[in-house]
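Structure at a glance
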Amino acid sequence: MVSDHPADTTANQPAPPTGIVVGIDGSEQSTCALIWAAREAVRRKSPLHLVTAYSVPIFAASGLDGGYATVDDDVIREGAESVVREAAAKIAEYDVEMDARVENGDAAGVLLDMSETAELLVFGSRGRGGFVGRLLGSVSSALPAHSKCPTVTIPLSCAPRLGEPAPAKRERGDKHPDVPVENVVTVGVDGSATARMAVLAAAEQAERAGRTLRVICAIPPYSGSLAWIPAPLDREALFADIKVQLDAGAAWLRSHFPNLPMDVQLVDGPPVEVLIDATRSSELVVLGTRGRGGFAGMLLGSTTDGVLHHAKGPVMVVKDIEDPRLADRESFGPMLEA
């Protein structure tokens, strides 16, 4: 059920959101995010919070008299309220506790504030300039990098799998737009502590949805930065060593999720390309915020950032968290140290 009147934060001061927060702006991208979030809220039995945000633009006057002109706040707010009403109507058939909120302020800032208490933050990869358009555009990866809770980014290209019309224009260079979606949740790992946190989140997601968990570790080819490595280095031996560590990690994961179907893959290829390809056929791809290759001060690793900007399906980014299940990983066998 949703209130007939979107919440006015200045008057009603609604409680901080504790369920799934989805950012909407009336665009096709945000509609995809809305549907995905509604389905996830039903699966998790969590409340769903529809949120749109606006700010009143101020224009400098061009006349000699100077001064400023402002747009009527009431007019803009009415438009924002119309957006959330239409969004609520779109998902009225879903059996989920729901509320709608219109916030006055910067969209990224509003959603980041809500991530302090939210269970999950969901949004489209691009939207209208007034809302989500800037979140993964000029301010690259703002929400996945800074959110206090996991985020899920929904690209427009996955509209058909959500029952929405396919985009009118296909992305340039996309030669495989119609790959069937498998009943799998995929997680990318690289041996880092952050990746182990992502694995736990992905396993929970797969178990909740009744899906197979696919664990992928992609080994990039030698690049210029590795040219100093002597030629006799046996790449097959390298793969065998990593396979031992992957198997140990799988044994650890099965100890915590004994009934979860699992597929562990060691792939020869650039991680970004391998994981972007996985977004085509996976229901969800899960990544950590940082991996082994990034600088310590980076908020978002290069692999995660690259996948987010070219994904063909939903991508969840999991922040660094403390989880007691990580404590016994070492007892299952060798592990890479981040």
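Here's what I pulled together on the structure shown here.

Definitions and cut-offs
- Residues numbered from 1 in each chain as written.
- Predicted model: local features only at pLDDT ≥ 70, side-chain atom pairs only at ≥ 80, totals over all residues.
- Heavy atoms only, no water.
- Core = buried A, V, L, I, M, F, W, Y, C linked by side-chain atoms within 4.5 Å.
- Buried < 20%, exposed > 50% of the residue type's maximum accessible area, 1.4 Å probe, protein only.
- Contact = heavy atoms within 4.5 Å.
- Helix = DSSP H or I, 4+ residues; strand = E, 2+ residues; numbered from the N terminus.
- Polar contact = N/O pair within 3.5 Å; in protein donor to acceptor, adjacent residues only side chain to side chain.
- Axes fitted to C-alpha atoms, helices over the stretch in contact; angles between N-to-C directions.
- Parallel < 35°, antiparallel > 145°, perpendicular 65-115°, else oblique.
- Nonpolar A, V, L, I, M, F, W, Y, C, P; charged D, E, K, R; others polar.
- Salt bridge = Lys/Arg side-chain N within 4 Å of Asp/Glu carboxyl O.
- Expected span 1.5 Å × (residues − 1).
- Pairing = 2+ DSSP bridges.

A few points about the nonpolar core
Formed by 61 residues in total, the largest nonpolar core has its most connected members in L48, L50, V122 and L213. Those residues in contact with L213, other than ones at most four positions away along the chain, are V185, V187, A202, A203, A206, L253, L260, P261, M262 and D263. Among the nonpolar cores identified, the runner-up in size contains 13 residues, and A218, I276, A278 and A311 belong to it.

A closer look at the side chain of S30
Tracing the chain through its elements places S30 in helix α1 (residues 28-44). Of note is the side chain of S30, whose polar atom sits 3.0 Å from the side chain of D25. Looking at S30, its side chain comes within polar contact range of the main-chain oxygen of S27, at 3.1 Å. Not counting chain neighbours up to four residues away, the residues in contact with S30 comprise G23, I24 and D25.

Looking at the packing of α1 against helix α5 (residues 193-209)
Viewed as axis vectors pointing N to C, α1 and α5 meet at an angle of 80°, and their least axial separation amounts to 10 Å. On the basis of the axis angle, α1 is roughly perpendicular to α5. Across the interface between the two elements, W36, E40, R43 and R44 from α1 touch Q205, R208 and A209 from α5. Partitioning the contact of α1 with α5 into residue classes produces two nonpolar, one polar and four charged.

So, the pattern of salt bridges
By the definition in use, this model includes 14 salt bridges. With a shortest N-O distance of 2.9 Å, R44 and E119 are connected by a salt bridge. With R44 in helix α1 and E119 in the loop between α3 (107-114) and β7 (120-124), this pair connects stretches of sequence that are 75 residues apart. Look at R44 and you get buried, because its relative accessible area is 17%. The exposure class of E119 is partly exposed, given its relative accessible area of 29%. Two residues, D247 and K243, come together in a salt bridge whose shortest N-O distance is 3.0 Å.

With respect to α5
For α5, spanning 17 residues, the distance from its first C-alpha to its last is 25 Å, which sits close to the expected 24 Å at 1.5 Å a residue. Among the 17 residues that make up α5, 13 are buried, leaving the element largely enclosed by the rest of the structure.

Structural notes on unusual backbone geometry
Notably, K45 is not glycine yet its phi reads approximately 60°, a positive angle. By secondary structure assignment, the location of K45 is in the loop between α1 and β3 (48-54).

Some remarks on the pairing of strand β8 (residues 151-154)
What you see with β8 is no split at all: T151 and T153 on one side and V152 and I154 on the other are buried throughout. Note that β7 and β8 share four bridges and pair parallel. Counted as the bridge partner of V122 is V152 from β8. Where β8 meets strand β13 (residues 315-318), three bridges bridge the pair, whose relative direction is antiparallel. The residue bridging V152 from the neighbouring strand is M316, located in β13.

Just geometry here; none of it tells us what the structure is for.
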